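Next come the chains, spelled out residue by residue.
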Amino acid sequence: MTLKPEPAFDNFSLFSKISHELKNPIHGISGLSNYLHDNWETLDEATKKSCVTDIYKAGTLLQNVVDKLFHLSSLNDENIIFNFEKANIVKIAKKAIDDNKLFIIDKNSMDIFLEVEEKEIYMSIDKFWINQLLYNLINNATKHSGAKNIKVKINSQTEDFVIAVIDDGVGIPQSELVSIFAPFTQSSAIKNSEKGSGLGLTICQEVVAAHGGKIWASNNKEGGASISFTIPKEK
């Protein structure tokens, strides 16, 4: 099933969305390449091979994203077109986690993991955009939260499916828990040197809305922040 939702905002073009989705893998490849370039003489062969392998996998990831977004841009529409099908959210979440792990140079500095009871949970979603949604939420946490641990939690025991990306980082100022989803807006907790376009959470909000769900931010009692969203169960 294909769905063209009402645009979430008028001044946010498809070109802006495509640019944002390409930015993260490109920056990741650049970071890994620079690390190799600057440390080549001191790195052991196993580390060099690991970095080269991650760059290759990241290039494949980038190619897949480019192919999908090129197809979307050829439709000559300013809004995302969603194609819904039954898909296993557990498998998609694992892929989003693995894709983010490619760009962590020190694999021991951060743990990204999945918490879910079931091995398979099928729901009606657009596989590409839900993967991008989870990828962006995890990527935001790896870059901006200062977290050591990032958990993706999937709960199928509630009225709707609830998926959350939970970190143990610096958290989000209480006054910004709603405004961070507005276009070109970022949390004041993010250092200026780390600021991006401010479009990631806005894209996430549009993707969730097209699926009939809700997305929100909250701070954890034990520290850090959570970005959670729902996907309605089929009645």
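Check the entry above for the structure.
A.B. asks: Give a description of the overall build of the protein that names residues and reports values.
C.D. replies: Each helix and strand in the protein was counted, giving five helices and nine strands. Tracing the protein from N to C terminus, the helices and strands come up as β-α-α-β-β-α-β-β-α-β-β-α-β-β. When burial is assessed residue by residue, the protein has 47% of its 235 residues classed as buried. A separation of at least 24 residues holds for 71% of the contacts in the protein among residues at least 6 apart in sequence. Only carbon and sulfur atoms are counted for the fraction: they give 53% of the accessible area of the protein, which is about 12400 Å².

A.B. asks: How would you explain the sheet that holds strand β9 (residues 225–231) if you had to name every residue and give the values?
C.D. replies: Taken together, five strands build an open sheet; the order of strands is β4-β6-β7-β9-β8 and the sheet is mixed. The open sheet terminates on both sides in strands that have one partner only, identified here as β4 (111–115) and β8 (215–219). Between one strand axis and the next, the sheet turns by 15° as a mean value, whatever way the strands run. Here six bridges tie strand β7 (residues 161–167) to β9, and the two strands are oriented antiparallel to one another. Considered in β9, the bridge of V165 is made with I227.

A.B. asks: Tell me about the pattern of salt bridges, and please be specific about residues and values.
C.D. replies: Applying the stated criterion across every chain yields a total of five salt bridges. Linking K48 and E45 is a salt bridge whose minimum nitrogen-to-oxygen distance equals 3.5 Å. On the criterion of helical spacing, the pair formed by K48 and E45 is a turn pair, its members being three residues apart in helix α2 (residues 45–73). Here K48 falls in the buried class, since its relative accessible area comes to 10%. Judged by relative accessible area, E45 falls into the exposed class, the value being 58%.

A.B. asks: Pulling in residues and values, what's your account of the packing of helix α4 (residues 127–144) against helix α5 (residues 200–210)?
C.D. replies: Orientation of α4 relative to α5, taken along the N-to-C sense of each, is 145°, at an axis distance of 10 Å. Considering how the two elements wind past one another, α4 and α5 form a crossing that is left-handed. Contact with α4, carried on its side by W129, I130, L133, N136, L137 and N140, involves L201, I203, C204, V207 and V208 of α5 and no other residues of that element. For the contact of α4 with α5, the class distribution of residues is nine nonpolar, two polar and no charged.

The rules behind each value
- Residues numbered from 1 in each chain as written.
- Predicted model: local features only at pLDDT ≥ 70, side-chain atom pairs only at ≥ 80, totals over all residues.
- Heavy atoms only, no water.
- Helix = DSSP H or I, 4+ residues; strand = E, 2+ residues; numbered from the N terminus.
- Buried < 20%, exposed > 50% of the residue type's maximum accessible area, 1.4 Å probe, protein only.
- Contact = heavy atoms within 4.5 Å.
- Areas by Shrake-Rupley, 256 points an atom, 1.4 Å probe, with all protein chains shown as cover.
- Pairing = 2+ DSSP bridges.
- Axes fitted to C-alpha atoms, helices over the stretch in contact; angles between N-to-C directions.
- Salt bridge = Lys/Arg side-chain N within 4 Å of Asp/Glu carboxyl O.
- Left-handed = near helix turned anticlockwise from the far one by under 90°.
- Nonpolar A, V, L, I, M, F, W, Y, C, P; charged D, E, K, R; others polar.

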